[in-house]
Amino acid sequence: MTAKNHFLFSISAVSLTLGTLDPFVLLIAGAMSLLPNIDSSKSVYGKILFPLSRLIERHFPHRTFTHSFFMTAIVAIGAIPLAFESREFYFAALIGFFCGWFLDVFTKAGVSAFYPMSMARLVIPANPALRLATGSKNEWFFSVIFLALIVISFQLHSSGGVMQIFTSLLAQPTGVSEMFRSHGQTNKIYALVDGQTATGNLSGKFPVVDLLSNDVFIIRNLARTIEKSDVVGSRRTEQTNYARRFIRRI
Amino acid sequence: MNFQTNSCYREKEKNLIVETLLGGHSILLVGKAGIGTSTLLKFAVEELENKGARIIKIAPNSIKQILISLAFQLNLYGEDDKLPTSSRLQREVADALKRQNSIVVIDEANRLTVPVRAWLEELHEGGQILFLGAKPALARDLFLKLPRMELKPLEYEHIRKVIAETAAELEIELTPADVANLQERCGGNPMLARRVVREHQIGLKPNQHDHTEWINGTPFLIAALLCLTMIRFIGRGIGDTNLYIFGGMLAVAASLVRLFMFSLPKGSSKLGG
């Protein structure tokens, strides 16, 4: 894979797994993704750190020792000081490095992922005809996919994350409770309600005030301008009836 | 141009073979195509001859031709002599081999015919020392009975030397970057190491990597994806319906990837496949 694809893949992976849009974190991931290719003096880091890359080249074939779980473990230990600064930086560096070499598993040559235990090359899929040739035109296709992933990830996280979008899509009362539990302290949570109360139909967008159970919560009915809160349950009639009974008790 | 190397990169194995054979035991040397079985056999025979052992080399052929070749090598008959029947010749050759305390060496023994193998088996049971070189996957008759030494791929540093040696023979210069890239294409196979240098000289950059040292990572990837199904159980455990549904959807997605990956055509695991 080309440096461009390593960079894009790492950014998308870190953004999706850590749920971040922080450009500094993503930059760390992108920079670390290019580090495994230090074993080639023709790579970006290989040119910058030429004596080191030449030294590695003299002792190891391309995509062996720097493209292994062993090296990932070394990076994991070596990057510990970064964790004191920010845990996010540490994981971005680690995921970025791992994604940097793991993507080469899908190339014709594969990587010696299990070095020094085995020199055999890890490949996916097994059929070489289905694997990617480094620098081929097909790499553009992957660049587009990784770019799309980055855009999707940005969209997801700027809208509250995967689970929040999924929760909104499902429109389950449990989702409202879950969201209130997670974000209720710092955010105002609104529920879209379509049901009945003792006084008639209730439909619209209402702020959630408190939780009664996992799928029963209290909303404030602003339209009626009354102090008492209405309780709205889930699952249409059955829980609306429960809510009605609860209001009567109040 | 002959690319037979003059350096033995398997000294440890060579010494073990020589000691085994001089100790009166037979050995079967097994290795994948191009891994260096014939080369090691050649070096071991040279060492045995230096130590005064009597070596009888046989090329895979029909039983009659092998017997005639042995009769001449053992000085049983001259070229102008009339040869006896095959069965008598077999007995005479067997006796001569035993008398002269010789070691029978056969390279590419996987090409031996069934009658030859049966005869060699008989010789082996009679105490004859055999030194055979063959390709792997020979789980039958004689090959099952002989102590087996399987050759592993060469170390990086040795492959590097093979590449340097071949480049010197071809009178071309290779940078460390070139060597690192060429090594990537040949794994630990010295025959392929010589080939990739020649390809480099011509200017070919084939995408096909012929060596057979692969690990199929597809099951690992599927296993990692299937771990996502745990989200479903976590969702159920903590009573989060959304997480439960989301985990279920991930499980379906992982199963679909699994189905797709395993339906892909499989590549050959043989050299050049």
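Before going into details, it helps to say that this report is about the structure given with it. Please read these numbers as outputs of a predicted model, since none were measured by experiment.

### Description of the interface of chain B and chain A
With 34 residues of chain B at the contact, the number on the chain A side is 41 residues. Taken over both partners, the interface formed by chain B and chain A buries close to 3200 Å², and the fraction arising from carbon and sulfur atoms is 64%. When residues of chain B are sorted by the area they lose upon contact with chain A, B:Tyr156, B:Ile215 and B:Asn242 head the list and together hold 22% of the total. Where chain B packs against chain A, one counts 2 salt bridges. Its salt-bridge partner being B:Glu184, residue A:Arg63 comes within 3.1 Å of it at the nearest N-O pair. The interface formed by chain B and chain A contains 11 residue pairs in polar contact (both at pLDDT 80 or more). Counting only elements with at least two residues in the side of chain B that touches chain A, the list comes to helix H7 (156-169), helix H8 (176-186), strand E6 (214-216), helix H10 (218-226) and helix H12 (241-263) of chain B. Along the lines of polarity and charge, the residues of the side of chain B that touches chain A split into 15 nonpolar, 13 polar and 6 charged.

### Structural notes on the pairing of strand E4 (residues 129-134) of chain B
Residue and element names in this part refer to chain B. Most of E4 sits out of view: 6 of its 6 residues are buried. Of the two faces of E4, both are covered, the one formed by Ile129, Phe131 and Gly133 as well as the one formed by Leu130, Leu132 and Ala134. One ladder, built from 4 bridges, connects strand E3 (residues 102-106) with E4; its direction is parallel. Within E4, the residue paired with Val105 across the bridge is Phe131. Viewed along the sheet, the connection from E3 through helix H5 (residues 114-125) into E4 turns out right-handed.

### As for the packing of aromatic side chains
The relative placement of two aromatic rings is captured by the distance of their centres and the angle of their planes. What the rule picks out here adds up to 16 aromatic pairs over all chains. Ring geometry for A:Phe69 and A:Phe114: centres 5.5 Å apart, planes at 40°, overall tilted. Here the residue A:Phe69 occupies a position in helix H5 (residues 69-78), and A:Phe114 occupies one in the loop between helix H7 (87-102) and strand E1 (121-123), the gap between them amounting to 45 residues. On the accessibility criterion, A:Phe69 (37% relative accessible area) is partly exposed. Here A:Phe114 and B:Phe220 contribute two aromatic rings whose centre-to-centre distance is 6.1 Å and whose plane-to-plane angle is 50°, an arrangement assigned as tilted. Here B:Phe220 lies in helix H10 and A:Phe114 lies in the loop between H7 and E1, a pairing that spans two chains. Taken together, A:Phe69, A:Phe98, A:Trp101, A:Phe102, A:Phe106, A:Phe114 and B:Phe220 form an aromatic cluster joined through their ring pairs. For the cation-ring pair, A:Arg131 lies above B:Trp214, with the distance from its terminal atom to the ring centre recorded as 4.9 Å.

### Examining the side chain of A:Ser40
All names here are of chain A. Relative to the assigned elements, Ser40 resides in the loop between helix H2 (23-33) and helix H3 (44-48). Using a relative accessible area of 12% as the deciding quantity, one classes Ser40 as buried. If near-sequence neighbours (up to four positions away) are discounted, Ser40 is found in contact with Gly46, Ser53, Glu57 and His62.

### Regarding the state of the cysteines
Note on terminology: disulfide describes a covalent bond linking the sulfur atoms of two cysteines. For the coordinates displayed, the defined rule picks out 0 disulfides over all chains. B:Cys227 supplies the cysteine sulfur nearest to A:Cys99, a cysteine that is in no disulfide, at a spacing of 17 Å. Among the residues examined, A:Cys99 registers a relative accessible area of 6% and is labelled buried. There is no disulfide at B:Cys8, and the cysteine sulfur nearest it, in B:Cys186, is 18 Å away.

### So, the pattern of salt bridges
Applying the stated criterion across every chain, the model contains 15 salt bridges over all chains. In this structure, A:Arg54 engages A:Glu57 in a salt bridge whose closest nitrogen and oxygen atoms are separated by 3.2 Å. In this pair, A:Arg54 and A:Glu57 are both assigned in helix H4 (residues 50-59), 3 residues apart and thus about one turn of the helix distant. Linking B:Arg88 and B:Glu92 is a salt bridge whose minimum nitrogen-to-oxygen distance equals 3.0 Å. Here B:Arg88 pairs with B:Glu92, and both are found in helix H4 (residues 86-99), just 4 residues apart, close to one helical turn.

### Quick look at the packing of helix H1 (residues 3-18) of chain A against H7(A)
Packed helix pairs are specified by the crossing angle of their axes together with the interaxial distance, meaning the distance between the axes. All names here are of chain A. For the pair H1 and H7, the least separation of the axes is 9 Å and the interaxial angle reads 135°. Classed by the angle they form, the pair H1 and H7 counts as oblique. Read as a crossing pair, H1 and H7 show a hand that is right-handed. Counting all contacts with H1, which are made through His6, Phe9, Ser10, Ala13, Val14, Thr17 and Leu18, the residues of H7 involved are Glu88, Phe91, Ala92, Ile95, Gly96, Cys99 and Gly100.

Definitions and cut-offs
- Residues numbered from 1 in each chain as written.
- Chains lettered and ligands numbered in written order.
- Predicted model: local features only at pLDDT ≥ 70, side-chain atom pairs only at ≥ 80, totals over all residues.
- Heavy atoms only, no water.
- Contact = heavy atoms within 4.5 Å.
- Buried area = accessible area lost by both parts, 1.4 Å probe.
- Salt bridge = Lys/Arg side-chain N within 4 Å of Asp/Glu carboxyl O.
- Polar contact = N/O pair within 3.5 Å; in protein donor to acceptor, adjacent residues only side chain to side chain.
- Helix = DSSP H or I, 4+ residues; strand = E, 2+ residues; numbered from the N terminus.
- Nonpolar A, V, L, I, M, F, W, Y, C, P; charged D, E, K, R; others polar.
- Buried < 20%, exposed > 50% of the residue type's maximum accessible area, 1.4 Å probe, protein only.
- Pairing = 2+ DSSP bridges.
- Right-handed = clockwise from strand over helix to strand, strands pointing away.
- Phe/Tyr/Trp six-rings, centres within 6.5 Å; stacked < 30°, edge-to-face > 60°.
- Lys NZ or Arg CZ within 6 Å of the ring centre and 35° of its normal.
- Disulfide = S-S within 2.5 Å.
- Axes fitted to C-alpha atoms, helices over the stretch in contact; angles between N-to-C directions.
- Parallel < 35°, antiparallel > 145°, perpendicular 65-115°, else oblique.
- Left-handed = near helix turned anticlockwise from the far one by under 90°.

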